Protein chains: 2
Amino acid sequence: MGFAQKLCTAIQKKQSAVCVGLDPQWAKLPLFLTQKFKKEYPSGREAAARAYLEFNKGIIDATSDLVVAVKPQMAYYEELGSLGWWAFEETCAYAAQKGLLVIADGKRNDIGSTAETYARAFFGGEMAGEQFETSVDALTVNGYLGLDGIQPFLKACGEKDKGLFVLVKTSNPSSGDLQDRVTVDEKISIAELMGHFVESWGSDLVDESGYSSVGAVVGATFPQEAKKLRAIMPNSFFLVPGYGAQGGAAEDVKPCFNSDGLGALVVNARGILYAFAEGQPSLGENYAEAARQVTSQMKEALNQVR
Amino acid sequence: MGFAQKLCTAIQKKQSAVCVGLDPQWAKLPLFLTQKFKKEYPSGREAAARAYLEFNKGIIDATSDLVVAVKPQMAYYEELGSLGWWAFEETCAYAAQKGLLVIADGKRNDIGSTAETYARAFFGGEMAGEQFETSVDALTVNGYLGLDGIQPFLKACGEKDKGLFVLVKTSNPSSGDLQDRVTVDEKISIAELMGHFVESWGSDLVDESGYSSVGAVVGATFPQEAKKLRAIMPNSFFLVPGYGAQGGAAEDVKPCFNSDGLGALVVNARGILYAFAEGQPSLGENYAEAARQVTSQMKEALNQVR
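Owing to the predicted nature of the structure, the values given are computational and were not obtained by experimental measurement.

Analysis parameters
Residues numbered from 1 in each chain as written. Chains lettered and ligands numbered in written order. Predicted model: local features only at pLDDT ≥ 70, side-chain atom pairs only at ≥ 80, totals over all residues. Heavy atoms only, no water. Least-squares fit on C-alpha atoms with pLDDT ≥ 70 in both. Contact = heavy atoms within 4.5 Å. Helix = DSSP H or I, 4+ residues; strand = E, 2+ residues; numbered from the N terminus. Buried < 20%, exposed > 50% of the residue type's maximum accessible area, 1.4 Å probe, protein only. Pairing = 2+ DSSP bridges. Right-handed = clockwise from strand over helix to strand, strands pointing away. Buried area = accessible area lost by both parts, 1.4 Å probe. Salt bridge = Lys/Arg side-chain N within 4 Å of Asp/Glu carboxyl O. Polar contact = N/O pair within 3.5 Å; in protein donor to acceptor, adjacent residues only side chain to side chain. Nonpolar A, V, L, I, M, F, W, Y, C, P; charged D, E, K, R; others polar. Axes fitted to C-alpha atoms, helices over the stretch in contact; angles between N-to-C directions.

Asker: Would you mind showing me how to read the relation of the copies chain A and chain B here?
Answerer: Put simply, the two copies of the chain differ by a rotation about an axis and a shift along that axis. Under the fitted operation, chain A is carried onto chain B by 0.0 Å of movement along the axis and a turn of 180°, and the coordinates agree to an RMSD of 0.0 Å. The superposition of one copy onto the other is thereby described by a two-fold rotation axis. A shared interface surface links the copies, since 100% of the contact residues of chain A are contact residues in chain B too.

Set out below in structure tokens:
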């Protein structure tokens, strides 16, 4: 089953368009967890790797029936070096086992031969005569290098039922520095040009759902731009960051959905992970329940607008 | 000492503008190494991680007096998962110990808060109350997200004497898909616009060498464009991939240098690493000598044009 079909099936079955961002940060984690792991593992980065994995498992357990996917952000794992990659791999495996789709947020990009290697790193391959698999279903990528840096990923999408989300219009305040520039020939913004690339790169990878394995990252913080991009990429799923902590609300992400109520997966990381800290100061033992409550509210809020 | 000053000092002392790309690939490694590690470590990815590290050490030993820096390409390590990150970290530590500058080729990019985390991952920071350092001197980044995704790295450059190379004009055939588009306002290409960003982002980070800690990635395969970019970024170092296997020659990289003979660091990976395979079929025991010979020739060829 193609990646887009998997996504659509999960969204319809769970009646949810929510993706939890798994961005664990030591300083924000529940105190009861950091105290426990700091005592057990004197090495700072090892304590963090163990704590991140346990924290993620708690979040996954508490939300797996309410969300369709998790999105671990690679930076938070790379900060812990090789132990962080272990925590990332274990987190992905646990989420997959709970029936969730896994989107690795690595924003990778390179020339063709290197992109081939990244495709194997995230989607599996063969090494030293031995096959290896990963629990990653999709990867975010950056299209600055053009088609030949994307092609190896497209190949993996077709052969292994994996997905791709290409950065189009990002959620951060400076995204316009480059992405809002207008081209002299097409008279469209760079973000819109990238949108056309995405639609064309994914044209051979549309599955029975009517959507393509090649999606776009479109920030929740620019609803006007999202509307234009929705028209440019009718067959692409949008992965929508910027909801919650970055300021995007349900009404803002409405233009990211198609009229079928599909076509967008909305990400919340900090708003869900650290919901427990919004209340009274505590050791955070209730972090999973707090996460579940916020996720449930977000799911309902999105269902109202899509 | 600022990163640019370190680079200039090393180039002048060694009379070399060469950087070795450390892109180990199992299928291309000397047979005597892969056979040895495959026998010792039954797990494919563990055998590869051990073999990559030993191979890299051999290359570093053979070339450390002829080159100023090494550039491990992250994809080749990430393909091995957490063991690959171990091999990457050990490789960087070994190169640093041999007096080489280390440029991690990760092309990272994200919103501000995540970019801060990447900056710590590659340049060191604090985790769970414990300081950690890395052996990385500089990182390649992608500027598609604009200034606020770059700022955390600039801060680290200033505080920790680290460097940055921003993708401007890449060496691959499709680089023009986006990078050659012309903006309606400035009437310059996206690559040139990014060049102006680089010059401005680095303006507060020019050290006693006259160069900034913020450099640019400019492919050897587009000499005409390199000439224009050199004029746009007089104070920026160019990291120049595409020499050798990708088709760039010494004459092609000439426009990347300033009139002081500085300002560019030229990368060769496959041409150096797999030089042994150019001769008769063999087990590759001579890989280090073959690498040294090619590196020496490249050093001289560049000294002729710069």
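Asker: Sorry if this is basic, but what is going on with the environment of Lys 254 of chain B here?
Answerer: Residue and element names in this part refer to chain B. Note on placement: Lys 254 falls in the loop between α11 (250-253) and β10 (264-268). Its relative accessible area of 41% is what places Lys 254 among the partly exposed residues. Separated by 91 residues in sequence, Lys 254 and Gly 163 have C-alpha atoms that sit 23 Å apart.

Asker: Where do I start with the pairing of strand β6 (residues 138-141) of chain A in this structure?
Answerer: Successive side chains on a regular strand alternate, one facing one side of the sheet and the next facing the other. Residue and element names in this part refer to chain A. Residues of β6 alternate between two faces, with Ala 138 and Thr 140 on one and Leu 139 and Val 141 on the opposite face, all of them buried. Examined bridge by bridge, strand β3 (residues 101-108) and β6 share three bridges and lie parallel to one another. Among the inter-strand pairings, Ile 103 is bridged to a residue of β6, identified as Ala 138. Both β6 and strand β7 (residues 163-169) contribute to a ladder of four bridges, which runs parallel. In the sheet register, Val 141 faces β7, and the bridge partner there is Val 166. With helix α7 (residues 151-160) bridging β6 and its parallel neighbour β7, the resulting β-α-β unit is right-handed.

Asker: Looking at this structure, how should I read unusual backbone geometry?
Answerer: Excluding glycine, residues mostly carry a negative phi; peptide bonds, for their part, are mostly trans. All names here are of chain B. Even without a glycine there, the phi angle at Asp 161 is positive, about 55°. By the secondary structure assignment, Asp 161 is in the loop between α7 (151-160) and β7 (163-169). Judged by relative accessible area, which is 28%, Asp 161 ranks as partly exposed. At Lys 187, a residue that is not glycine, the phi angle is positive and equals roughly 55°.

Asker: Explanation requested: the interface of chain A and chain B in the structure shown.
Answerer: Buried accessible area, meaning the area lost when the parts come together, often serves as the stated size of an interface. Between chain A and chain B, the contact holds 68 residues from the first and 68 residues from the second. In total, about 5,800 Å² of surface goes out of reach between chain A and chain B, with carbon and sulfur atoms giving 55% of it. In this structure, the connection of chain A to chain B is made through eight salt bridges. Two residues, Glu 78 of chain A and Arg 108 of chain B, come together in a salt bridge whose shortest N-O distance is 3.1 Å. Remark: the boundary between chain A and chain B carries 35 residue pairs in polar contact (both at pLDDT 80 or more). No other element matches helix α6 (residues 112-123) of chain A, which puts seven residues into the side of chain A that touches chain B. A class-by-class count of the residues in the side of chain A that touches chain B yields 31 nonpolar, 20 polar and 17 charged.

Asker: Could you clarify how one ought to interpret the sheet that holds β6 of chain A in this entry?
Answerer: Across a sheet, paired strands are connected by hydrogen bonds in the backbone, their directions being either parallel or antiparallel. Residue and element names in this part refer to chain A. On the basis of which strands lie adjacent, the closed barrel formed by eight strands has the order β1-β2-β3-β6-β7-β8-β9-β10 and parallel pairing. On average, each strand axis in the sheet is inclined to that of its neighbour by 30°, with strand direction left out of account. Packing against the sheet, α7 makes contact with β6, β7 and β8 (214-218), and its axis sits at approximately 140° to β7.

Asker: What is the right way to read the pattern of salt bridges from this model?
Answerer: Between side chains of opposite charge, a pair can form when the charged atoms approach closely. Within this structure, the stated rule accounts for 30 salt bridges over all chains. Residues Asp 105 of chain B and Lys 107 of chain B are paired through a salt bridge, measuring 2.7 Å at the closest nitrogen-oxygen approach. No difference in accessibility class separates Asp 105 of chain B from Lys 107 of chain B, as the two residues are buried. The network of salt bridges with shared partners includes Lys 71, Asp 105 and Lys 107 of chain A together with Asp 110 of chain B.

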